[in-house]
Amino acid sequence: MRIIKKIDELRMIIKDWKRNGYTVGLVPTMGYLHEGHKSLIERAVKENDRVVVSDFVNPTQFAPNEDFESYPRDINADAALCESAGASLVFNPDADEMYDSALTFVDMNKITKVLCGKTRPIHFSGVCTVVSKLFNIVTPDRAYFGQKDAQQLCVIKKMVKDLNFDIEIVGCPIIRESDGLAKSSRNTYLNPQERQAALCLSRSLEIGKKIITSGERNVKTVTDAIRAEIDREPLAEIDYIEMVDWNTLEPIEAVRKPILCAMAVYIGKTRLIDNFIME
Ligand code: PAF
């Protein structure tokens, strides 16, 4: 698998692809790839002639107290996964190559300040900045994002609309372990006891879904039931559980679709997110 480190080199390759009339798909990642990423790459391979996987642990989306340093990295394993999924190349720049004394950042109001944005106030500015840069470097026809980061997906769609990027954003379903845990690079932080405890996220969301399906329309009743299930797990500490309008991320009191029910829960020191969307 070709691993490209330099922006200029990548640009030359992409210009050549475009001269040949190839469509280009981009799968932005922070590496330590798993089956969730693989599903994005495979979808991109189906829908585009060439696929770039970016593999970059983006420093600007981590606050100083977060896990930038310890975030897991394994470029060789990532390259092997990209190869098996049919990607054309991996873009793996250094932080200096991406940010070389940059003074320009992309920021967004409102929808970046709710849900994860409350606990991670600088996070989405870092995400919007790096994704804009990747869009400008790769100039893809389509870019693929997992629905596990539902707020991120919503933010990126809004950014693409607001800044007139001519790129189709494709949201892809959450990939789960067989016992329900949503796949995440951060799952590697969990010890066996925590790994078991982490199942309370998907279990509680299933309870929430069932209650809605059985006719309950009061959001507080649903989120209270979800909260009660998480509270039964001693290793879990809730950051937030919220149900919002999936288009605007505004809070709702009565269930009216499309809804996003999203949560962030600490299992020990590891902050995990999960959600369901009802369209
Ligand atoms: O979802 C991620 O892995 C990151 O937030 C992204 C989109 C690659 C930006 O660094």
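Our subject is the structure listed above.
Each value, and the rule that gives it
- Residues numbered from 1 in each chain as written.
- Predicted model: local features only at pLDDT ≥ 70, side-chain atom pairs only at ≥ 80, totals over all residues.
- Heavy atoms only, no water.
- Near = heavy atom within 4 Å.
- Polar contact = N/O pair within 3.5 Å; in protein donor to acceptor, adjacent residues only side chain to side chain.
- Areas by Shrake-Rupley, 256 points an atom, 1.4 Å probe, with all protein chains shown as cover.
- Helix = DSSP H or I, 4+ residues; strand = E, 2+ residues; numbered from the N terminus.
- Nonpolar A, V, L, I, M, F, W, Y, C, P; charged D, E, K, R; others polar.
- Pairing = 2+ DSSP bridges.
- Right-handed = clockwise from strand over helix to strand, strands pointing away.
- Contact = heavy atoms within 4.5 Å.
- Axes fitted to C-alpha atoms, helices over the stretch in contact; angles between N-to-C directions.
- Phe/Tyr/Trp six-rings, centres within 6.5 Å; stacked < 30°, edge-to-face > 60°.
- Buried < 20%, exposed > 50% of the residue type's maximum accessible area, 1.4 Å probe, protein only.
- Lys NZ or Arg CZ within 6 Å of the ring centre and 35° of its normal.
- Expected span 1.5 Å × (residues − 1).
- Salt bridge = Lys/Arg side-chain N within 4 Å of Asp/Glu carboxyl O.

## Some points on the site of the ligand
As a structural note, the neighbourhood of the ligand is formed by P28, T29, M30, N58, Q61, V127, V130, F145 and Q152. In this structure, Q61 approaches the ligand through a side-chain N or O atom, which is 2.6 Å from an oxygen atom. The separation between an oxygen atom of the ligand and a polar side-chain atom of Q152 is 2.7 Å. Out of a free accessible area of 280 Å², the ligand has 89% covered by protein chains. Secondary structure elements with two or more residues in the shell around the ligand: β2 (24–29) and α6 (123–138). Grouping the amino acids of the shell around the ligand by side-chain chemistry returns five nonpolar, four polar and no charged.

## Describing the pairing of strand β6 (residues 168–172)
Sheet faces and side chains relate simply in a regular strand, where the side chains alternate between the two faces. Sheet topology note: the strand β5 (residues 142–146)/β6 ladder contains five bridges and is parallel. Within β6, the residue paired with R142 across the bridge is E168. Chirality of the crossover, the property in question, places the unit of β5, helix α7 (residues 150–162) and β6 among those that are right-handed.

## Describing the sheet that holds β6
Pairing is parallel across the open sheet formed by six strands, whose spatial order is β1-β4-β3-β2-β5-β6. In this open sheet, the two edge strands, each paired with only one partner strand, are β1 (3–4) and β6. Here two bridges tie β1 to strand β4 (residues 89–91), and the two strands are oriented parallel to one another. Bridge pairing in β4 places I3 opposite V90. Contacts from helix α2 (residues 35–47) reach β2, β3 (50–55), β5 and β6, with the element oriented near 155° to β5. Along the sheet, α7 contacts β5 and β6; its crossing angle with β6, the most-contacted strand, is approximately 170°.

## As for the packing of aromatic side chains
In total, this model carries four aromatic pairs according to the counting rule given. With a centroid separation of 6.3 Å and an interplanar angle of 35°, the aromatic rings of F56 and Y99 are classed as tilted. Of this pair, F56 sits in the loop between β3 and α3 (75–85) while Y99 sits in helix α4 (residues 95–99), placing them 43 residues apart in sequence. Under the relative-accessibility criterion, F56 is labelled buried at 6%. The side chain of R50 reaches across the aromatic face of Y22, ending 4.1 Å from its centre. In this structure, R73 is placed above the aromatic ring of F68, and the distance from its NZ or CZ to the ring centre is 5.0 Å.

## Thoughts on the sheet that holds strand β7 (residues 236–245)
Strand pairs in the sheet, formed through backbone hydrogen bonds, run parallel or antiparallel to each other. Pairing is antiparallel in the open sheet, where three strands are placed in the order β7-β8-β9. Looking at the sheet topology across the chains shown, the edges are occupied by β7 and β9 (270–278). For this sheet the average axis-to-axis angle between neighbouring strands, irrespective of direction, equals 15°. Relative to strand β8 (residues 259–267), β7 is paired through nine bridges, and the arrangement is antiparallel. Its bridge partner lying in β8, D245 is registered against I259. In this fold helix α9 (residues 199–213) packs onto β7, β8 and β9, with an angle of close to 20° to the strand it touches most, β9. Contacting β7 and β8, helix α10 (residues 219–231) runs over the sheet at an angle of about 160° to β7.

## Observations concerning α9
Each α-helix winds once per 3.6 residues, and so residues spaced three or four apart point in a common direction. In a regular helix each residue adds 1.5 Å, so 15 residues correspond to 21 Å; α9 covers 21 Å between its end C-alpha atoms and thus fits that length. Of all the residues in α9, the buried ones are L199, C200, L201, S202, S204, L205, G208 and I212. Buried residues along α9 sit against α8 (192–197), α10, β7, β8 and β9. Where α9 ends, the next residue or the one after it, G215, has phi of about 115°, a positive value.

## A word on unusual backbone geometry
Phi is mostly negative for residues that are not glycine, and the peptide bonds are mostly trans. Along the chain, K257 connects to P258 via a cis peptide bond; the corresponding omega equals 5°. Tracing the sequence through the fold places P258 in the loop between β7 and β8. Its identity is not glycine, yet Y32 carries a phi of approximately 50°, on the positive side. Along the chain, the position of Y32 falls in the loop between β2 and α2. Judged by relative accessible area, which is 28%, Y32 ranks as partly exposed. If you check the backbone angles, L249 has positive phi at about 60° while not being a glycine. In this structure, L249 sits in the loop between β7 and β8.

## Focus: the pattern of salt bridges
One pass over the structure, following the stated rule, counts 19 salt bridges. Taking the shortest distance from any N to any O, the salt bridge between D179 and R195 comes out at 3.0 Å. Residue D179 is located in the loop between β6 and α8, and its partner R195 is located in helix α8; the two are separated by 16 residues in the primary sequence. Note on D179: relative accessible area 36%, which makes it partly exposed. Through salt bridges with shared partners, one network takes in R203, E229 and R232.

So yeah, pure geometry; function would need other evidence.
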